[in-house]
Amino acid sequence: MRLRVEFTTEPFDLDEPPPHAVAVREVVQGADLDAVDVGPFGNTAEGGAEQVLGAVDALLRKALENGATRVSLQVNVVEGQE
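All of the points below concern the structure found in this document. (Residues numbered from 1 in each chain as written. Predicted model: local features only at pLDDT ≥ 70, side-chain atom pairs only at ≥ 80, totals over all residues. Heavy atoms only, no water.)

**Things to note about a nonpolar patch on the surface**
Stage number 1. A surface patch of nonpolar side chains, about 400 Å² in accessible area, is lined by Phe 12, Leu 14 and Phe 41.
Stage number 2. The topology assignment puts Phe 41 in the loop between strand S2 (35–38) and strand S3 (43–48). (Patch = residues over 30% accessible without salt bridge, like charges linked within 9 Å, V, L, I, M, F, W, Y side chains within 5 Å. Areas by Shrake-Rupley, 256 points an atom, 1.4 Å probe, with all protein chains shown as cover. Salt bridge = Lys/Arg side-chain N within 4 Å of Asp/Glu carboxyl O. Helix = DSSP H or I, 4+ residues; strand = E, 2+ residues; numbered from the N terminus.)

So, in structure tokens, the structure goes:
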């Protein structure tokens, strides 16, 4: 099964990425995922279920450890792909 996760962390800082955003970016870019898109207002990553779920666990932990006050995420099954 393939999954796609979309997520944001808060609080936002328009001048420079806050520590929680940097930590989460490092998690998803270092994970064994097929597609990663990191942006200033939202991030997406896609891959196998185990890889995505492992990355979600790590990104939640790192975001909170580094000062995030809110993490919003959505996980979808990518239809038609195994």
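Next comes the rest of the account.
**Points about helix H1 (residues 19–30)**
Stage number 1. The terminal C-alpha atoms of H1, which comprises twelve residues, lie 16 Å apart, in line with the 16 Å expected from a rise of 1.5 Å per residue.
Stage number 2. Those residues of H1 not exposed but buried are His 20, Ala 23, Val 24, Val 27 and Val 28. Projected onto a plane normal to the axis of H1, the buried residues spread over an arc of 125 degrees and lie on a single side. Turned more than 90 degrees away from the buried face of H1, the exposed residues are Pro 19, Glu 26, Gln 29 and Gly 30.
Stage number 3. The inward-facing, buried residues of H1 abut strand S1 (2–10), S2 and helix H2 (49–65). (Expected span 1.5 Å × (residues − 1). Buried < 20%, exposed > 50% of the residue type's maximum accessible area, 1.4 Å probe, protein only. Arc of directions from axis to C-beta. Contact = heavy atoms within 4.5 Å.)

Remember, this is a structural readout, not a statement about activity or role.
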